[in-house]
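Structural overview
Chain by chain, the residues run as shown.
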Amino acid sequence: MALRMLGPLMLMILLCDAESLCPTEINPLTLNPPEVVAEMNEAFEVNCTSTVEDHDGMSWIVANNVFVEEEEENFIQLQWKTLDWNEEALCKIKLNRSHDCTKQLNITVYKNPEAVHLFRAFDYDSVEQNMLQCDIISVAPVQNLVVRWYKDNDLITTNSSTNTSKTPVSESFLLMVSKEDDMAEFRCEAQLDFGKDGPQLPVYPSETLQVFPDYDPELMEDEDEIYTLKDCSQMLTLTLTPAEIVVRFGDPASINCSTSDSGFFGMGWEASEGRTWHANVSEVTWRVDKVEDWDLEPFCYISFENHQCALSPLITLYKTPDDVFVTWSHSGPMVEGKYYVLTCNIINVAPLNKLHVTWYKGDKIVYTEMFDDRSRRPENVSSILRVTPYQDDDGAKFSCKAELHLGPKGPETPPTASSLPVTFAVEYGASIRCQPRYEVRENDGPPCEAEGRPTPVITWLKDGKETTSPPRWTKQDSGEYQLTAINNHGAANHTLYIDVLYAPVFKEGNLDKEMAPGENVTLDCSAEGNPAPVMAWKYTPAENIRETTRGSQENIIIITGATSTNAGVYECVAKNKVGVVSRSITLIMKERSSVFHIIIVSMALILVFLLILTAIYFSLKKEETQT
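The following paragraphs examine the structure supplied in this document. Quantities reported herein were computed from a predicted structural model and do not represent experimental measurements. (Residues numbered from 1 in each chain as written. Predicted model: local features only at pLDDT ≥ 70, side-chain atom pairs only at ≥ 80, totals over all residues. Heavy atoms only, no water.)

With respect to the sheet that holds strand β6 (residues 75-81)
Filter applied, for reference: A pair of strands is treated as paired once DSSP finds two or more bridges between them. Secondary structure follows DSSP: runs of H or I at least 4 residues long count as helices, runs of E at least 2 residues long count as strands, and numbering of each begins at the N terminus. Simply put, an axis is a line fit to the C-alpha atoms, just over the touching stretch for a helix, and the angle between two N-to-C directions goes from 0 to 180 degrees.
Ordered by their spatial adjacency, 3 strands build an open sheet running β1-β3-β6, and the pairing between neighbours is antiparallel. Looking at the sheet topology across the chains shown, the edges are occupied by β1 (29-32) and β6. Each neighbouring strand pair of the sheet contributes to a mean axis angle of 20°, computed without reference to strand direction. Both β1 and strand β3 (residues 43-50) contribute to a ladder of 4 bridges, which runs antiparallel. Looking across to β3, one finds that Thr30 is bridged to Thr49.

Shown next as structure tokens:
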């Protein structure tokens, strides 16, 4: 026994100056397992064990609420289900009134990616490089995400995220490709990695994408980005300023063409709009007030005696969409787990090869699409988003945005047109988000509910018999319940224990009680409650009074040889964590004179009764004698 007490005694000594801190090296608590990696709504169990057996209680604290308590053993178990992305749990042991130790349970709640998409994402800062973009949709925690890139089935690089968000997010990763990767097949794969001791989760691959990188011819370029062409087997120079323009349909445009050489007799511009020619000049300008020809291909030329030389600028004529809107392939609410198609309709836009369509769920990007169509004229085009909705998507807003990425010569902010958001209701099967055990108080409502759309029908069973869900709990309702929730899309079952807590209740009320001098008096006080109440008497102490108990919920006062000093009010107090109640017993001492008077009166009555009987007897006797 002495050895058993030595451990906690040493721990108390070490902690006496620590102001309730508990250094790691002397913490008596261990967790098994020490950390939990679980999917949302997944149940798990963790054991907390203490090397100290003599303590004032152990408990599990989850989300700042105490769910499990243990006062006798040095072992306590947590049975839980992950319901929050920031789930936290703590095992606590109270060593004495002023010192306690805790052990934090590391909980990681994860969600596998909803989808992985791979597409081209051009880098317009480089004319010879393109980018592949791998989008990972709705994954958590993203800091455990590993993205692997494959070229022709060979692993070429790996990416990870520095985002520390614990809630599901969507992340994008880029891979640079060049003309050397022409016709190669690429794919990306996403996987949550929790190490060799964590769960081994599935790999989510993207579709395979064969790339055909865009790269420009190798023209000469000076520091001012003015393209120069030397031609016609003479040392002649023809310069366009600017050599490349991006023009909105209907806006004005102009390009200057010049030469520093001689030996020619004229120069001009050939075009469907803005045609011009001048003799004996070294500079000529093409100018149009409104560019409205989608097939416009002007070129500057210089005329010699027997031939001409020409140079064409690069012109991109663009037009923003007349309208952008979303349509879908169904009516009414979506159903969880089924496949749906949303269509982003972009009306009358050009050029298509500069168009990027981005899909959003709320404010998060879920998909981006680009187009290879080289048509110059405005066209109607659509982008398809394939959706498999889940419960969390109920009420989600989907929208699409059309952007014209026109490169470094275009507007600094890409011309944009967006659809109005469309909101969908998602029907999903019944589910019950409840813990295995709840402590409730009288008159509280149900601690958890079933979810589902449409609203599920809920059946409550207690001890195997169907019952109605109590709108307000009473102390008779403690017990084990089986819940069943059913709607059009599925059913769910759950077993839980409801422990109804209530304040102490006395079996009797206040009373007055008389006692005689020298009498032995017993005062009984009992109460019931949940948890079991702590009982205590309040009275004026005396040598002839002692207290005893009969069970945990009954206190008794015994007065031996009562005296007048024992008269007075005796208050019984019952207390638990729900409430405090009290009742009183007033002891009244009987007066001696009163007892004496009663005895005298009683004797007098007896004497009178005897005299009456004697008189009757002699009267009857006299009558017999006369007869």
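Let us keep going from here.
So, unusual backbone geometry
The amide bond that connects Ala140 to the next residue, Pro141, takes the cis arrangement and shows omega of -15°. Note that Pro141 resides in the loop between β10 (129-139) and β11 (145-151). Backbone geometry places Asn280, a non-glycine residue, at a positive phi of 55°. Its location among the elements puts Asn280 in the loop between β22 (276-279) and β23 (283-288). We note that Asn443 has phi near 75°; this positive angle belongs to a residue other than glycine. Along the chain, Asn443 turns up in the loop between β37 (437-441) and β38 (450-453).

What to know about the sheet that holds β38
If you walk across this open sheet you meet the 3 strands as β28-β36-β38, and the pairing is mixed. Strands at the two margins of the open sheet, each flanked by one partner only, are β28 (334-335) and β38. Pairing geometry for strand β36 (residues 426-432) and β38, over 3 bridges, is antiparallel. Residue pairing across strands places Tyr428 opposite Arg453, the latter belonging to β38.

Structural notes on a nonpolar patch on the surface
Note the threshold: Exposure above 30% relative accessible area and no salt bridge define the residues that can form patches, which grow by joining like charges within 9 Å and nonpolar side chains of Val, Leu, Ile, Met, Phe, Trp and Tyr within 5 Å. Using a 1.4 Å probe, the Shrake-Rupley method yields the accessible areas, and only the shown protein chains count as cover for residues. For this analysis, a salt bridge means a side-chain nitrogen from Lys or Arg found within 4 Å of a carboxyl oxygen belonging to Asp or Glu. Classification of residues uses two cut-offs on accessible area relative to the type maximum, computed with a 1.4 Å probe and protein chains only: under 20% is buried, over 50% is exposed, and between them is partly exposed.
There is a patch of nonpolar side chains on the surface, built from Ile606, Phe609, Leu610 and Leu613 and spanning about 390 Å² of accessible area. Relative to the helices and strands, Leu610 resides in helix α2 (residues 592-626). Look at Leu610 and you get partly exposed, because its relative accessible area is 45%.

A word on the state of the cysteines
For the record, the criterion: Criterion for a disulfide: a pair of cysteine sulfur atoms at a distance within 2.5 Å.
Taken as a whole and judged by the stated rule, the model has 6 disulfides. For Cys48, the disulfide goes to Cys91, at an S-S distance of 2.0 Å. Classification of the bridge connecting Cys48 and Cys91 rests on its S-S torsion, roughly -90°, and on that basis the disulfide is left-handed. Of the two residues, Cys48 sits in strand β3 while Cys91 sits in strand β7 (residues 89-94), which places them 43 residues apart along the sequence. Across the disulfide, Cys434 is cross-linked to Cys448 (sulfur-sulfur distance 1.9 Å). In this structure, the disulfide formed by Cys434 and Cys448 twists by about 100° around the S-S bond and is classed as right-handed. Of this pair, Cys434 sits in the loop between β36 and β37 while Cys448 sits in the loop between β37 and β38, and the two are 14 residues apart along the sequence. Note on accessibility: Cys434 and Cys448 belong to one class, buried.

Regarding the nonpolar core
Threshold: The definition of a nonpolar core used throughout is a set of buried Ala, Val, Leu, Ile, Met, Phe, Trp, Tyr and Cys residues joined through side-chain atoms within 4.5 Å. Any pair of residues with heavy atoms lying within 4.5 Å of one another is described as a contacting pair.
By size, the foremost hydrophobic cluster in this structure holds 32 residues, and its most contacted members are Leu342, Ile346, Leu355, Val357, Trp359, Leu385 and Phe398. Looking at this core, the elements with two or more residues in it are β27 (323-328), β28, β29 (340-349), β30 (355-361), β31 (364-370), β32 (379-387) and β33 (397-404). No other element matches the 5 residues that β29 contributes to this core. Contacts of Leu385, omitting those with residues within four sequence positions, involve Tyr340, Val341, Leu342, Trp359, Val366, Tyr367 and Phe398. Formed by 25 residues, the second largest nonpolar core is a distinct cluster that contains Leu240, Trp286, Ile302 and Ala350.

A short note on the pattern of salt bridges
Considering all chains together, one arrives at 15 salt bridges under this definition. With a shortest N-O distance of 2.7 Å, Asp181 and Lys151 are connected by a salt bridge. Remark: Lys151 occurs in strand β11 and Asp181 occurs in the loop between β13 (169-178) and β14 (185-192); sequence separation between them is 30 residues. Judged by relative accessible area, which is 26%, Lys151 ranks as partly exposed. The closest approach of N and O atoms between Lys319 and Asp322, which form a salt bridge, is 2.5 Å. Taking relative accessible area as the criterion, Asp322 reaches 51% and is therefore assigned exposed.

Observations regarding the layout of surface pockets
For clarity, the threshold we go by: Cavities and pockets were defined on a 1 Å grid built over protein atoms only: a cavity is a set of grid points that admits a 1.4 Å probe from which the probe cannot escape, a pocket is an open set flanked by protein on both sides within 12 Å along at least five of seven lines, and lining residues are those with an atom within 4 Å of any such point. Grid points are joined across faces, edges and corners, and a volume is the space filled by probe spheres set on the points. For this classification, the nonpolar set comprises Ala, Val, Leu, Ile, Met, Phe, Trp, Tyr, Cys and Pro, the charged set comprises Asp, Glu, Lys and Arg, and every other residue, Gly included, is treated as polar.
Put simply, the second largest pocket is a space of about 790 Å³. Together, 27 residues line the second largest pocket, and Trp85, Lys111, Glu114, Tyr390 and Asp392 are the ones closest to its centre. When the residues that make up the lining of the second largest pocket are grouped by side-chain class, the tally is 11 nonpolar, 6 polar and 10 charged.

With respect to the environment of Tyr110
Topologically, Tyr110 is positioned in strand β8 (residues 100-110). With 73 residues separating them along the chain, Tyr110 and Val37 place their C-alpha atoms 7.3 Å apart. Look past the residues within four positions of Tyr110 in its chain and what remains in contact with it is Val37, Ala38, Glu39, Met40, Glu42, Trp85, Ala140, Pro141, Leu192, Phe194 and Leu201.

A short note on the packing of aromatic side chains
This is how the line gets drawn: Classification of ring pairs uses Phe, Tyr and Trp, with its six-membered ring standing for Trp, and accepts pairs whose centres are within 6.5 Å; under 30 degrees between planes counts as stacked, over 60 as edge-to-face, and the remaining range as tilted. Counting as a charge over the ring demands two things of the Lys NZ or Arg CZ atom: a distance within 6 Å of the ring centre and an angle within 35 degrees of the ring normal.
One pass over the structure, following the stated rule, counts 12 aromatic pairs. Taken together, a centroid distance of 6.5 Å and an interplanar angle of 55° make the contact between Phe265 and Trp277 tilted. Note that Phe265 is positioned in the loop between β20 (253-259) and β21 (266-270) and Trp277 in strand β22, a separation of 12 residues in sequence. Assessed through its relative accessible area of 39%, Trp277 is described here as partly exposed. With a centroid separation of 5.3 Å and an interplanar angle of 90°, the aromatic rings of Trp328 and Phe424 are classed as edge-to-face. Taken together, the residues span a long stretch of sequence, with Trp328 in strand β27 and Phe424 in the loop between β35 (422-423) and β36 at a distance of 96 residues. Take Trp328: its relative accessible area is 40%, and that puts it in the partly exposed class. The ring of Tyr150 is capped by Arg187, whose NZ or CZ atom sits 4.2 Å from the centre of that ring.

Interpretation in functional terms is not warranted from these geometric data alone.
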